[in-house]
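Observations on the three-dimensional arrangement
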Amino acid sequence: MSEPILKINKVSKHFGGNIAVSDVTFAVEKNRIFGLIGPNGAGKTTLFNCMTGFVPITSGEVIFNYRKINNLRPDAVCRIGMVRTWQRVKPLSSLSVLDNVMVGAFAITGSAGAARKIAVEKLAQVGLSDYSAKLAGSLSIGLKKKLELARVLATRPKMLLLDEICGGLNHTETASILQLIRDVREEGTTILFIEHDMKAVTSICERIVVLNSGVKLAEGTPSEITSNPEVIAAYLGGGFDA
Amino acid sequence: MKQALIIALFALFTALLPLIIGEENPYIIGIMISVLMMAALSSAWNIIGGFAGQFSFGHAAYFGAGAYTTLILISSFELNPLIGAAAGMVVAALIALVTGSIVFGLRGHYFALASIAVAEIIRLSVLNFEFTGGAQGILLANVTLWGLDLNSKNPFYYGMLLLLIVTLTVTEYLRKSKTGYYLQAIREDQDAASSLGINLALYKNRALLISALLTSIAGSLYALYIRFIDTSAVLDLRLSIEIILTAIIGGVGTLWGPVLGALLLVPLAEALRSNMIGDALVKFGLVSETSSVGIFLNENLAHAHVLVYGIITVLCILYLPKGILGLFRRVK
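About the cut-offs
- Residues numbered from 1 in each chain as written.
- Chains lettered and ligands numbered in written order.
- Predicted model: local features only at pLDDT ≥ 70, side-chain atom pairs only at ≥ 80, totals over all residues.
- Helix = DSSP H or I, 4+ residues; strand = E, 2+ residues; numbered from the N terminus.
- Rg over C-alpha atoms; globule rule 2.2 N^0.38 Å.
- Buried ≥ 20, exposed ≤ 12 C-beta atoms within 10 Å, placed from the backbone.
- Contact = placed C-beta atoms within 7 Å.
- Nonpolar A, V, L, I, M, F, W, Y, C, P; charged D, E, K, R; others polar.
- Pairing = 2+ DSSP bridges.
- Axes fitted to C-alpha atoms, helices over the stretch in contact; angles between N-to-C directions.
- Parallel < 35°, antiparallel > 145°, perpendicular 65-115°, else oblique.
- Expected span 1.5 Å × (residues − 1).
- Core = buried A, V, L, I, M, F, W, Y, C linked by C-beta atoms within 7 Å.
- Right-handed = clockwise from strand over helix to strand, strands pointing away.

**Description of the overall build of chain B**
- What chain B contains, in helices and strands, is 16 helices and 2 strands.
- Rg of the C-alpha trace for chain B: 20 Å, near the compact-globule value of 20 Å for 332 residues, within the 12% margin.
- Its C-alpha atoms put chain B at 65 × 55 × 40 Å along the principal axes.
- Looking at chain B residue by residue over its 332 residues, the buried ones come to 45%.
- Partitioning the contacts of chain B with sequence separation of at least 6, the portion at a separation of at least 24 is 75%.

Given below as structure tokens:
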């Protein structure tokens, strides 16, 4: 077992009386593709928001690369190497596709020339080169998701948090994004992957954590998870006594 | 290439204009100074309002800081006008940094609201302090700098032109740099921007500071040019709004939009204010001077420029959301 790059230690997040995430603990090993799944409202995105500094954690700790990052601002989290994408894509709509990726690349360089070079490279990697000059707002949802990916890759992350990057895509698009994610992992980036679609997750993840109503329900390999009766119950609904 | 040639010809024409018009036509030069000043002010506002998308409704505060500081230092301490202008920049920078560091921690419309509040606090303070001349304002009888004849308009024409060129150069440099990209990312989506490593408050403060410094220089030049200032001339909310409208009508977030806006709106306002349009209608026999319409126009058209600004703005927002410059871009 290789060392963990990310440790989530008893993390809870309460919104007033509403408990969105409760006492969740898991660790992600370096260079893994790790899945975070669960039904709607399970607390997956909230957990991402907690990890990346967008909402403060109620209790517990997030340790990234041996450093406690509970109180870091989102931009600082990005600069130490953990970058997220958004479930609802957030393109910089009135900038060109190339400029969008350049904004990402400026996280690692101060020079516009160098940023452009990185951006061109990343656009080629995700297959968006032909769209460089188009306005980001004019792309289809599938291409916007690829743009999100190119933009975060341009920051040279140590770890990527992908929030339903395949949501709303067709089979071909999903397959090509999954292949991209495998390639990125080969380059040494650790991936934490939120996904709704069980098939996508089990086909790509080496280890999976299941959240349900803010609580960790199970953790294991894809085959362990898919045969776990509690997980099946959570996905198919309660009161299913088989 | 073609664009560079047009800009070069335009710059040459602008530089030679006082020689073409000559000293005997101070009225035209005066209007041109107003055009250049509004172009510079609107371009400076564009850095924080257009590129970073943080709408400041209080840029009169920075303009007034430059104007008041310069004239107070000259009239009370007989300091060199340049020292006065430099001190004005320091005051403007302090106002910008205090406002920014308090408000930029928040999202949404807080900055717009706070910028009005800060500008109004400053206006009311200046109106009630003694050393600022209170409601009477400050009148400066004479000012000298390096033997230049500051009673002539030409030095101020070239001063404003230089300020506009500096402002446009800064804008263009920013636009192509990391800071410019970051400001535009902030304008487009703050969550996306911060998740990509952008320190929102730092970059907003930086943009506001640059914008405030340039605005304060315009204020200093204006004060030395007019040599009489009061709060209604340099600290009024109306000035802040005219700066914004000029940028919106010309094309917000573009390099040349604010210049185009100033070129159209300042002469238009002047024509209305001096009743030029009413006079023309009479002159061409369209309206009789003694008819009820003629009397109505004569009495009311002079006050109509704010109304006209308003109508043009509404039309722009409805039909030209990218300003008049956006119209040319679309054709191209």
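**Some details on the overall build of chain A**
- Helix and strand counts for chain A stand at 9 helices and 10 strands.
- Computed over C-alpha atoms, the radius of gyration of chain A comes to 18 Å, within 12% of the 18 Å expected from 2.2 N^0.38 for 242 residues, which places it in the range of a compact globule.
- Reported as C-alpha extents along the three principal axes, the dimensions of chain A are approximately 60 × 40 × 40 Å.
- Each of the 242 residues in chain A was classed as buried or not, and the buried ones make up 46%.
- For chain A, the proportion of contacts with a sequence separation of at least 24, taken over those separated by at least 6, is 67%.

**What to know about the interface of chain A and chain B**
- Opposite the 23 residues of chain A that make contact, chain B presents 17 residues.
- Breaking the side of chain A that touches chain B down by element, the ones donating at least two residues are helix H2 (74-79), strand E6 (82-84) and helix H3 (97-105) of chain A.
- Along the lines of polarity and charge, the residues of the side of chain A that touches chain B split into 11 nonpolar, 6 polar and 6 charged.

**Remarks on the sheet that holds strand E2 (residues 18-29) of chain A**
Residue and element names in this part refer to chain A.
- One open sheet holds the 4 strands; their spatial order is E2-E1-E4-E5, and the pairing between them is antiparallel. A single partner strand is all that each edge strand has here, and the edge strands are E2 and strand E5 (67-68).
- Examined bridge by bridge, strand E1 (residues 4-15) and strand E4 (residues 59-64) share 5 bridges and lie antiparallel to one another. Across the sheet, the residue bridging to Lys7 is Ile63, located in E4.

**Describing unusual backbone geometry**
Residues and elements named next belong to chain A.
- Although it is not a glycine, Lys10 adopts a positive phi angle of roughly 50 degrees.
- Take Lys10: it is sitting in strand E1.
- With a phi angle near 55 degrees, Asn65 is a residue other than glycine that sits in the positive phi range.
- The class of Asn65 is partly exposed, set by 15 C-beta atoms lying within 10 Å.

**Digging into the sheet that holds strand E3 (residues 33-37) of chain A**
Residues and elements named next belong to chain A.
- Spatially, the 6 strands line up as an open sheet ordered E6-E7-E8-E3-E9-E10, and their pairing is mixed. Every other strand in the sheet has two partners, leaving E6 and strand E10 (215-220) as the edge strands with one partner each. Averaged over all adjacent pairs, the angle separating strand axes in this sheet is 15 degrees, with direction ignored.
- When E3 meets strand E8 (residues 190-195), the two strands line up parallel, connected through 5 bridges.

**Considering the pairing of E1(A)**
- In the sheet, E1(A) pairs with E2(A) via 8 bridges, with the strands oriented antiparallel. Within E2(A), the residue paired with A:Ile8 across the bridge is A:Phe26.

**Comments concerning the packing of helix H2 (residues 26-51) of chain B against helix H11 (residues 237-250) of chain B**
Residue and element names in this part refer to chain B.
- Interhelical geometry of H2 versus H11 gives an angle of 80 degrees and a closest axis separation of 9 Å. It follows that H2 is roughly perpendicular to H11 by the angle criterion. Two secondary-structure elements touch here, H2 through Met38, Leu41, Ser42, Trp45, Asn46, Gly49 and Gly50 and H11 through Ile243, Ile244, Thr246 and Ala247.
- Of the residues in the contact of H2 with H11, the class split is 6 nonpolar, 5 polar and no charged.

**Quick look at the environment of A:Ala107**
- Along the chain, the position of A:Ala107 falls in the loop between H3 and helix H4 (112-126).
- With 26 residues separating them along the chain, A:Ala107 and A:Gly81 place their C-alpha atoms 9.9 Å apart.
- Ignoring any residue separated from it by four or fewer positions in sequence, one finds A:Ala107 in contact with A:Cys78, A:Arg79, A:Thr155, B:Leu196 and B:Gly197.

**Brief notes about helix H9 (residues 200-226) of chain B**
Residues and elements named next belong to chain B.
- Spanning 27 residues, H9 covers 39 Å between terminal C-alpha atoms, matching the ideal 39 Å at 1.5 Å per step.
- Within H9, 21 of the 27 residues are buried, which leaves it mostly tucked inside the rest of the structure.
- Arg227 sits one or two residues past H9 and shows a positive phi near 60 degrees.

**Quick look at the nonpolar core**
- Counting residues in hydrophobic clusters, the biggest one holds 166 residues, and the most contacted among them are A:Phe193, B:Leu36, B:Ala40, B:Met160, B:Ala185 and B:Ala218.
- Sorting elements by how many residues they give to this core places H2(B) first, with 14 residues.
- Those residues in contact with B:Met160, other than ones at most four positions away along the chain, are B:Ile33, B:Leu36, B:Met37, B:Ala40 and B:Leu221.

**Thoughts on the environment of B:Ser216**
Residues and elements named next belong to chain B.
- Here Ser216 is to be found in helix H9.
- Residue classification places Ser216 among the buried positions, given that 32 C-beta atoms sit within 10 Å.
- Distance from Ser216 to Tyr62, taken between C-alpha atoms, is 5.0 Å for residues 154 residues apart in sequence.
- Not counting the four nearest positions on each side in its chain, Ser216 is found in contact with Tyr62, Phe63, Ala65, Gly66, Gly88, Met89 and Ala92.

**Considerations on the pairing of E8(A)**
Residues and elements named next belong to chain A.
- Of all 6 residues making up E8, 6 are buried, and the element is well covered by its neighbours.
- Of the two faces of E8, the one carrying Thr190, Leu192 and Ile194 and the one carrying Ile191, Phe193 and Glu195 are both buried.
- By the bridge criterion, 5 bridges tie strand E7 (residues 159-163) to E8 in an arrangement that is parallel. Paired with Asp163 across the two strands is Ile194, which belongs to E8.
- The handedness of the E7 to E8 crossover, carried by helix H6 (residues 171-186), is right-handed.

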